[in-house]
Amino acid sequence: MPSNDTQTDAVELTPVHVDHLIADGELAAENAWCVSYDAETLPEQRPAFVPLVLWQANQDDAELAPLLSSDTELTTELGQQLSSTSAIAIDFPAFTDGRGYTLARLLRERYGYTGEVRAVGDVLVDQLDYMRRCGFTAMALRDDQHPDDAIRALNMFSVRYQTDVEQRQALFERRLADSKQ
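Residues numbered from 1 in each chain as written. Predicted model: local features only at pLDDT ≥ 70, side-chain atom pairs only at ≥ 80, totals over all residues. Heavy atoms only, no water.

Asks: Is there a simple way to explain the nonpolar core in this structure?
Replies: The nonpolar side chains of a soluble globular protein tend to be buried, and buried together. By size, the foremost hydrophobic cluster in this structure holds 34 residues, and its most contacted members are Leu82, Ile90, Leu107, Met131 and Phe136. Leu107 has contacts with Leu68, Leu74, Leu82, Ile88, Ile90, Gly112, Tyr113 and Val117, leaving out every residue within four places of it along the chain. Grouped together as the second largest cluster of nonpolar side chains are twelve residues, Val18, Ala65, Ala87 and Ala89 included. (Core = buried A, V, L, I, M, F, W, Y, C linked by side-chain atoms within 4.5 Å. Buried < 20%, exposed > 50% of the residue type's maximum accessible area, 1.4 Å probe, protein only. Contact = heavy atoms within 4.5 Å.)

Asks: Any chance you could explain the pairing of strand β7 (residues 116-121) here in plain terms?
Replies: Looking along a regular strand, one sees side chains alternate from face to face of the sheet. Bridge count between strand β6 (residues 87-92) and β7: six bridges; the pairing is parallel. In the strand pairing of β7, Ala89 is matched with Arg118. On the question of chirality, the crossover connecting β6 to the parallel β7 by way of helix α4 (residues 99-109) is right-handed. One ladder, built from two bridges, connects β7 with strand β8 (residues 138-140); its direction is parallel. In the sheet register, Ala119 faces β8, and the bridge partner there is Met139. With helix α5 (residues 128-134) bridging β7 and its parallel neighbour β8, the resulting β-α-β unit is right-handed. (Pairing = 2+ DSSP bridges. Helix = DSSP H or I, 4+ residues; strand = E, 2+ residues; numbered from the N terminus. Right-handed = clockwise from strand over helix to strand, strands pointing away.)

Asks: Before we go on, may I ask you to explain unusual backbone geometry in this structure?
Replies: Leave glycine aside and you will find that most residues have negative phi; peptide bonds, for their part, are mostly trans. Going from Arg46 to Pro47, the amide bond is cis rather than trans, its omega being -5°. Phi angles above zero are rare outside glycine, and Asp24 is one such case at about 50°.

Spelled out as structure tokens, the structure:
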């Protein structure tokens with residue numbers, strides 16, 4: 001009889017397909033991509049986000065895109081290598097793990113990445129506005145998160161004080177510039 005650990009490992013290696021995807025601030029009509037956490041075997045389902053090592057070994061397959069774990073060290077070489085793909089997924093293993101925000105911001109600001117950056121894993125409605133401000137263009141919601149709540153959360157704030165990947169000036173800087181005109 002297999003142990004629970006073996007059963008858990010098998011479940012984690014099964015490609016995950018999320019039903020509720022928020023893309024460019026709207027509920028996507030469909031989500032063709034699955035996410036595979038298996039670093040040794042290519043998934044049968046395509047297109048798929050696969051662990052970075054597996055993607056690097058199969059970069060010629062256009063139906064594969066890299067899945068970055070939250071502990072990925074984003075070096076200059078890796079940043080350049082990732083620029084060749086149209087989509088990158090960043091895993092949030094727990095909603096309390098904020099390293100994915102840093103990866104997205106580095107991809108956008110330091111390495112000039114312009115393709116889709118998708119948040120996958122433990123993605124909650126409460127995080128979406130911050131994710132967008134860090135450079136995520138798509139967020140795959142956890143199954144228990146309601147898409148209507150997600151859209152409302154993304155449109156909740158009309159003014160932000162801090163800078164982000166789209167707004168390079170803080171609110172006080174924008175107001176100061178406006179007052180000098």
